[in-house]
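As a plain string of letters, each chain reads:
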Amino acid sequence: MTWLSVGEDGSLTLPADYLARRGLRPGDRLLAWADRDSVTLHRVALDAQVVYLEPTARCNLNCAICVRQVWPDPAGDMDWAVFETLLAQLPAFLDPSGRASGQGLRRIVWGGYGEPLVHPRLPEMLERASALGVGLTLTTNGLLLDEALTRRLLQTRLDRVVVSLDTAHAQAYDGARIAGGLAQVLANVRRLARLAEARPGPPLDLGLEFVVTRSNQGELPRLRDVAQDVGASFVLVSHLLPHSPAAAAETLYDSDPPLGPPVSWPVRDRGEIVWGRMEWPRMKWGAQRRCRFVERRALVVGWDGGVSPCYPLLHTYPYYVYGTRKEVSRYVLGRVTETPLADIWTSAEYVRFRARVRAFDFPSCVDCGLERCDIRAANQDCQGDGPSCADCLWAQGLIQCP
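Summary of the structure given here. Predicted, not measured: the structure shown is a model, and the values here were computed from it.

Excluding glycine, residues mostly carry a negative phi; peptide bonds, for their part, are mostly trans. One non-glycine residue, Asp254, adopts positive backbone phi at about 75 degrees. Here Asp254 is to be found in the loop between α9 (245-248) and β11 (264-269). Taking relative accessible area as the criterion, Asp254 reaches 30% and is therefore assigned partly exposed. Unlike most non-glycine residues, Tyr322 shows phi in positive territory, near 50 degrees. Take Tyr322: it is sitting in the loop between β15 (317-321) and β16 (324-328). For Tyr322, a relative accessible area of 41% translates into the label partly exposed.

For the rest of this paragraph, the subject is the pairing of strand β7 (residues 135-140). Burial runs high along β7: 6 of the 6 residues are buried. Taking every second residue as pointing to the same face, both faces of β7 are buried, with Gly135, Thr137 and Thr139 on one and Leu136, Leu138 and Thr140 on the other. At this point the chain moves from strand β6 (residues 107-110), through helix α4 (residues 122-129), to the parallel β7, and the crossover so formed is right-handed. As a crossover connection, the stretch from β7 through helix α5 (residues 147-153) into strand β8 (residues 158-164) is right-handed.

At a closest axis distance of 8 Å, the pairing of helix α7 (residues 181-198) and helix α8 (residues 220-230) adopts a crossing angle of 50 degrees. Between α7 and α8, the angle falls in the class oblique. In this structure, α7 contributes Leu186, Val189, Arg190 and Ala193 to the contact, and α8 contributes Val226, Asp229 and Val230. Grouping the constituent residues of the contact of α7 with α8 by class yields 5 nonpolar, no polar and 2 charged.

Attention now moves to the packing of aromatic side chains. For any pair of aromatic rings, the description rests on two quantities: the centre-to-centre distance and the angle between the ring planes. Counted by the stated rule, this structure contains 12 aromatic pairs. Seen from their ring centres, Trp345 and Tyr350 are 5.2 Å apart, and the 75 degrees between their planes marks the pair as edge-to-face. For Tyr350, a relative accessible area of 1% corresponds to the buried category. Site record: aromatic cluster; members linked through ring pairs are Tyr52, Trp71, Tyr113, Phe293 and Tyr311. When the ring centre of Trp80 is taken as reference, the NZ or CZ atom of Arg121 above it lies at 3.8 Å.

Bringing the sheet that holds β11 into the picture now. Read from one edge of the open sheet, 11 strands run β11-β12-β10-β9-β8-β7-β6-β5-β13-β14-β17, paired in mixed fashion. The sheet is open, and its two edges are formed by β11 and β17 (334-335), each paired on a single side. Of the strands in this sheet, β9 (205-212), β10 (234-239), β11 and β12 (272-279) touch α8, which is tilted by about 160 degrees from β9.

We now examine the packing of helix α2 (residues 80-89) against α4. For the pair α2 and α4, interaxial distance at closest approach is 11 Å and the crossing angle is 15 degrees. It follows from the interaxial angle that α2 and α4 lie roughly parallel. Here α2 runs over α4; the crossing is right-handed. Note on element contacts: α4 touches α2 through Glu124, Met125, Arg128 and Ala129, opposite Trp80, Phe83, Glu84 and Leu87. Here the contact of α2 with α4 is built from residues that sort into 5 nonpolar, no polar and 3 charged.

With that settled, consider the pairing of β16. One ladder, built from 5 bridges, connects β15 with β16; its direction is antiparallel. Considered in β16, the bridge of Tyr320 is made with Arg325. Connecting β15 to the next strand, β16, in antiparallel fashion are 2 residues, including Tyr322 with a positive phi near 50 degrees.

Taken as a whole, this structure holds 19 salt bridges when the rule is applied. Asp47 serves as the salt-bridge partner of Arg297, at 3.3 Å between the closest nitrogen and oxygen. Of this pair, Arg297 sits in the loop between α10 (292-295) and β13 (298-301) while Asp47 sits in the loop between β4 (38-44) and β5 (50-53), and the two are 250 residues apart along the sequence. With a relative accessible area of 26%, Arg297 lands in the partly exposed category. Connected via shared salt-bridge partners are Asp304, Arg330 and Arg335.

In this section: the environment of Ala246. You can see Ala246 is positioned in helix α9. Spatially, the C-alpha atom of Ala246 lies 27 Å from that of Tyr331, the residues being 85 residues apart in sequence.

Side chains of Leu4, Val6 and Leu12 sit close together on the surface and give an oily, nonpolar patch of about 260 Å² of accessible area. If you trace the backbone, Leu12 turns up in strand β2 (residues 12-13). Overall, Leu12 belongs to the partly exposed group, its relative accessible area being 44%.

A few words now on the environment of Gly111. Inspection of the secondary structure assignment puts Gly111 in the loop between β6 and α4. Residue Gly111 is classed as buried on the basis of its relative accessible area, which comes to 0%. Sequence separation of Gly111 and Pro402 is 291 residues, and the distance between their C-alpha atoms is 9.0 Å.

Cut-offs applied
Residues numbered from 1 in each chain as written. Predicted model: local features only at pLDDT ≥ 70, side-chain atom pairs only at ≥ 80, totals over all residues. Heavy atoms only, no water. Helix = DSSP H or I, 4+ residues; strand = E, 2+ residues; numbered from the N terminus. Buried < 20%, exposed > 50% of the residue type's maximum accessible area, 1.4 Å probe, protein only. Right-handed = clockwise from strand over helix to strand, strands pointing away. Axes fitted to C-alpha atoms, helices over the stretch in contact; angles between N-to-C directions. Parallel < 35°, antiparallel > 145°, perpendicular 65-115°, else oblique. Contact = heavy atoms within 4.5 Å. Nonpolar A, V, L, I, M, F, W, Y, C, P; charged D, E, K, R; others polar. Phe/Tyr/Trp six-rings, centres within 6.5 Å; stacked < 30°, edge-to-face > 60°. Lys NZ or Arg CZ within 6 Å of the ring centre and 35° of its normal. Pairing = 2+ DSSP bridges. Left-handed = near helix turned anticlockwise from the far one by under 90°. Salt bridge = Lys/Arg side-chain N within 4 Å of Asp/Glu carboxyl O. Patch = residues over 30% accessible without salt bridge, like charges linked within 9 Å, V, L, I, M, F, W, Y side chains within 5 Å. Areas by Shrake-Rupley, 256 points an atom, 1.4 Å probe, with all protein chains shown as cover.

The values are spatial; any link to function lies outside them.
Below is the structure:
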């Protein structure tokens, strides 16, 4: 505990040891707000480390379980002017002192709720972003990764690719009349791994993503062999976010048996052998709740330039949790075309939101005895303003993102 004193002029004096412990220096900004009998101080810094970028909300597939089946949001591509504006603003997070201490921007992830490779200028986006010197991740369904595109992507600083591979995608191949779609994706991923092994640039961390349901859990034992076959070093397994009652009946969390035992497999990495890993989701809803987006100091930029704090609040859509239908509304803290990203990140609203999420100062709606709650159904916070994270499946570790 540290005593603070208020000067005659209203200034607040912070002891030297307090400043040293928290790495505060002259000129640093603090945001203060009062709550009943307490005053909370939060450091305001350009310390975002991960930028999730949604280049498009369009997709080349039409998966039955996808949120795009039920949302009211328009599906569009990020305008080049929006991307250029965002790219010009990212160096503000590359302060040399911040990067040296591991606090600066580390990675840009091309993902979102569309298929990034559908964007006609996606390769050029990665080429332009390579100049920032940060890690680049691409999430994809892998269907469009032909040899020419793969070679071009590997000429950038792209160092992580995660390919979605599950029953929903296999069914979507059939729906789109793509003959041999699964075999084509597997061949694309094998080629990606082979070409990445030979490139002079950074090594490629290649992974698979699998959404597990009651109907496809029998495929889990095969994932290890599939990953080893295509050269993937990890498999990210996630539960389903259900958007309909039928999908809700397919969820597996809160089941008693574990999804699978710890497994590993050898993967060749530039002449050496590394061991692949399965990244299992949590199986039980519990009191331990934490936001991976806030922990990673991440933000999300939608295809239209709107900035949201996480994937769950990037779009408007319904989902079901324990039989309750919830209506999530998109939460936009600003737009990069109107306000610099640095100002959005350090705004009072965003700083306070991150502080609340870090403390997870939300009621536990699942444990509430209220039979019907319009506030919960609207995904609002009954103890304050703004969206609630009380029923977030990401915070429970049930849903995982690359």
